[in-house]
Amino acid sequence: MAKESLTEAQERIETLKTLLNRYSYEYYVLDKPSISDKEYDQQYHELEKLEKAHPELITNDSPTQRIGGTILPGFTKVQHDSPMLSLGNAFNQEDLLQFHQRISKLTGQPLQYICELKIDGLAVSLKYENGLFTQGATRGDGNTGEDITQNLRTVKAIPLRLNEPLTFEVRGECYMPKASFVQLNADRDEKGLEIFANPRNAAAGSLRQLDSSIAASRNLSIYLYSATNFEQLAVETQDALLNRLAQVGLRTNPERRLFDSIEEVWAFTEEIAAKRKDLPYEIDGIVIKVNAFAAQEEIGYTVKAPRWAIAYKFKAEEAETIVRDIEWTV
Ligand SMILES: NC(=O)c1cc2c(=O)c3cc(F)ccc3oc2nc1N
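This is a predicted model, so every value here is computed, not measured. (Residues numbered from 1 in each chain as written. Predicted model: local features only at pLDDT ≥ 70, side-chain atom pairs only at ≥ 80, totals over all residues. Heavy atoms only, no water.)

Quick look at the sheet that holds strand β11 (residues 309–313)
With mixed pairing, the five strands of this open sheet are ordered in space as β2-β11-β10-β3-β9. At either end of the open sheet lies a strand with only one pairing partner, and these are β2 (89–90) and β9 (257–259). In the sheet, strand β3 (residues 113–119) pairs with β9 via three bridges, with the strands oriented antiparallel. Each residue of the ladder has a partner; that of C115, found in β9, is R257. Of the strands in this sheet, β3, β9 and β10 (283–290) touch helix α8 (residues 238–247), which is tilted by about 50° from β3. Packed onto the sheet, helix α9 (residues 262–275) meets β3, β9, β10 and β11 and runs at close to 25° relative to β3. (Pairing = 2+ DSSP bridges. Helix = DSSP H or I, 4+ residues; strand = E, 2+ residues; numbered from the N terminus. Contact = heavy atoms within 4.5 Å. Axes fitted to C-alpha atoms, helices over the stretch in contact; angles between N-to-C directions.)

Regarding the pattern of salt bridges
This structure, assessed with the given rule, holds 16 salt bridges. R244 is paired through a salt bridge with E164; the nearest N and O atoms lie 2.8 Å apart. Of this pair, R244 sits in helix α8 while E164 sits in the loop between α4 (149–152) and β7 (168–175); the two residues are 80 residues apart in sequence, bridging distant segments of the chain. Since its relative accessible area comes to 16%, R244 is described here as buried. Exposure remark for E164: the relative accessible area of 24% places this residue in the partly exposed category. One salt bridge in this structure joins R257 and E271, with 3.4 Å as the shortest N-O distance. Here R257, found in strand β9, pairs with E271, found in helix α9; they are 14 residues apart in sequence, far enough to count as distant. Here the salt bridges share partners, and the residues they tie into one network are E14, K17, D61 and R161. (Salt bridge = Lys/Arg side-chain N within 4 Å of Asp/Glu carboxyl O. Buried < 20%, exposed > 50% of the residue type's maximum accessible area, 1.4 Å probe, protein only.)

Printed below as a string of structure tokens:
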């Protein structure tokens, strides 16, 4: 085939990157693919061929650049701009009531709560500059984490470019879906390799790999739940923030609910405890947050945790039965 002119190649490469990144967003972020895998693969291979012929046209946000070419010698350290704190825990209705009474005293505003599923994965921080994914890190000790950008770039649910040129940091939970966990353990068992105890360990083990092609093979996903400098995003509540994150192309968990009383929050924890085994990912509780950012600021933080949030934890032993209950499809 005659070598296409540079501008023709450039235009075709730009078109293919835009199309393939949108298909990837539909498939991995919205879980609603609009084309078949075959069509995707055809366009992906056309992009690979064009980039091979014109390597100077390869950009960092091309879908062909998700798997890094090198095996890292180790992970460099990352200082978090603001500490990645942990959550205080609640284990029963009384603990929730005490949480509510404690914080009601600290704000004159009526309290609206947002409840989010507590995804059982690995907390990570993602930095975007002018819309481009530039750095990913683990929580580490809360102040210093490890740079796992190469591995997080292989997580297809993480967009390499947002659909707005934002510069900010988002945080979320990277996890391994239950079905991927069962398949991975079946494969490892067959090869006589040690199997993972649960999806959280499998996700953590995958993100700790120095060879990003291993992380790429582990079908990890992510839900984002917070952002820094949300003034730029012009949102005043956690719920509005989550809608805004979805708007710019980030994956957020749809099972969130707003409540005006702690009694309704308790009822929600019981509702989710009953349907948790049917979820395609593991959760270890519910995160309850004051929805309004102004009230969050008024209520504030302790040394190691926000006062305006609490994690209601389900009873641990169920976790094993949940994974055991999946028929071990091999
Ligand atoms: N695992 C989770 O699904 C999840 C975790 C956290 C946090 O760890 C967390 C920690 C903070 F200091 C503040 C808010 C948070 O919100 C959170 N929200 C969530 N949905």
